[in-house]
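So you can see what is in the structure, the chains are spelled out below.
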Amino acid sequence: MSVVHDTAIGPLHLDASPRGLTLLGFSPGDGEGFPDGDAGRVLELARRELDAYFAGTLREFTVPVDLDAHPAGDRRVLDGLAAVGYGETVSYGKLAAAVGLGPAEARRVGGTMARNPVAIVVPCHRVVGADGSLTGYAGGLERKRALLDLEGRDRLLF
């Protein structure tokens, strides 16, 4: 069972296990209802934190994430995104190197980003091309730009 949460960048589809958020995606879900118990508490926390993030008052998510169903190699790369803070970006090659894959593994990192089941909370929107260009994003480049703009809106430009 999944829920749909309306946000500034459109509806987000959420699902959770009792251990954490398992899905935060842009594709349509069934939105049939809200689960009870631990999974329901995870989803409620995710919704509150997303609202705060889009309001500009949350910079770091605390909702637990459950990536147990995903390959260890993908989890390693997704875990590496924790070092990329709010308002920062990293290139695919630099992220590959940071998680011990070597800079030539940038495409592997790109594949992992494309399979990221919990976008925004695991901030794959912060990964850019080597030249700083926006490349690939499951939610579309417009959403990637909007998320980066949101995170950069409190910076002063000189």
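For the structure itself, look to the data block above.
Residues numbered from 1 in each chain as written. Predicted model: local features only at pLDDT ≥ 70, side-chain atom pairs only at ≥ 80, totals over all residues. Heavy atoms only, no water.

Moving on, we get to the overall build of the protein chain. Along its length, the protein chain carries five helices and five strands. Starting at the N terminus, the α and β elements of the protein chain follow one another as β-β-β-α-α-β-α-α-β-α. Counting the 158 residues in the protein chain, one finds 47% classified as buried. A sequence separation of at least 24 residues applies to 57% of the contacts in the protein chain between residues at least 6 apart. By element, 53% of the accessible surface of the protein chain is carried by carbon and sulfur atoms, the whole surface being about 8200 Å². (Helix = DSSP H or I, 4+ residues; strand = E, 2+ residues; numbered from the N terminus. Buried < 20%, exposed > 50% of the residue type's maximum accessible area, 1.4 Å probe, protein only. Contact = heavy atoms within 4.5 Å. Areas by Shrake-Rupley, 256 points an atom, 1.4 Å probe, with all protein chains shown as cover.)

Spatially, β1-β2-β3 is the arrangement adopted by the three strands of the open sheet, whose pairing is antiparallel. Both outer strands of the open sheet, β1 (3-7) and β3 (20-25), are each paired with one neighbouring strand and no more. Here the strands of the sheet are splayed against their neighbours by 30° on average, with no regard to which way each runs. Packed onto the sheet, helix α1 (residues 37-55) meets β1, β2 (10-17) and β3 and runs at close to 145° relative to β2. (Pairing = 2+ DSSP bridges. Axes fitted to C-alpha atoms, helices over the stretch in contact; angles between N-to-C directions.)

By the element assignment, Asp66 lies in the loop between α1 and α2 (72-80). A relative accessible area of 7% places Asp66 in the buried class. One polar contact links Asp66 to Arg19, side chain to side chain, over a distance of 3.0 Å. Excluding anything up to four places from it in sequence, Asp66 contacts Ser17, Arg19, Gly20, Leu21 and Thr22. (Polar contact = N/O pair within 3.5 Å; in protein donor to acceptor, adjacent residues only side chain to side chain.)

Here we take up the nonpolar core. Counting 43 residues, the largest nonpolar core has Leu21, Met113 and Ile120 as the members making the most contacts within it. Elements that contribute at least two residues to this core include exactly β2, β3, α1, α2, α3 (92-98), α4 (106-114) and α5 (141-152). With eight residues, α1 is the largest single contributor of residues to this core. Apart from residues no more than four positions distant in its own chain, Ile120 is found in contact with Ile9, Leu12, Leu24, Leu50, Tyr53, Phe54, Phe61, His125, Tyr137 and Leu147. (Core = buried A, V, L, I, M, F, W, Y, C linked by side-chain atoms within 4.5 Å.)

Each regular strand displays side chains that alternate between the two surfaces of the sheet. Burial analysis of β2 places seven of its eight residues in the buried class, the great majority of the element. Both β1 and β2 contribute to a ladder of five bridges, which runs antiparallel. Looking at the pairing, Val3 lines up with Leu14 of β2. Pairing between β2 and β3: five bridges, direction antiparallel. Counted as the bridge partner of Asp15 is Leu23 from β3. Here β2 hands over to β3 after two residues, the two strands then running antiparallel side by side.

Tallied over the full model, the rule gives four aromatic pairs. Summarising the aromatic geometry, the rings of Tyr53 and Phe54 are spaced 5.2 Å apart at their centres and angled 75° between planes, so their arrangement reads as edge-to-face. (Phe/Tyr/Trp six-rings, centres within 6.5 Å; stacked < 30°, edge-to-face > 60°.)

Glancing now at α5. The end-to-end C-alpha separation of α5 is 16 Å, in line with the 16 Å expected for twelve residues at 1.5 Å each. Among all positions in α5, only Lys144, Leu147, Leu148, Leu150 and Glu151 are buried. On an axial view of α5, the arc spanned by its buried residues comes to 155°, and they lie on one face. The inward-facing, buried residues of α5 abut α1, α3 and β5 (127-128). (Expected span 1.5 Å × (residues − 1). Arc of directions from axis to C-beta.)

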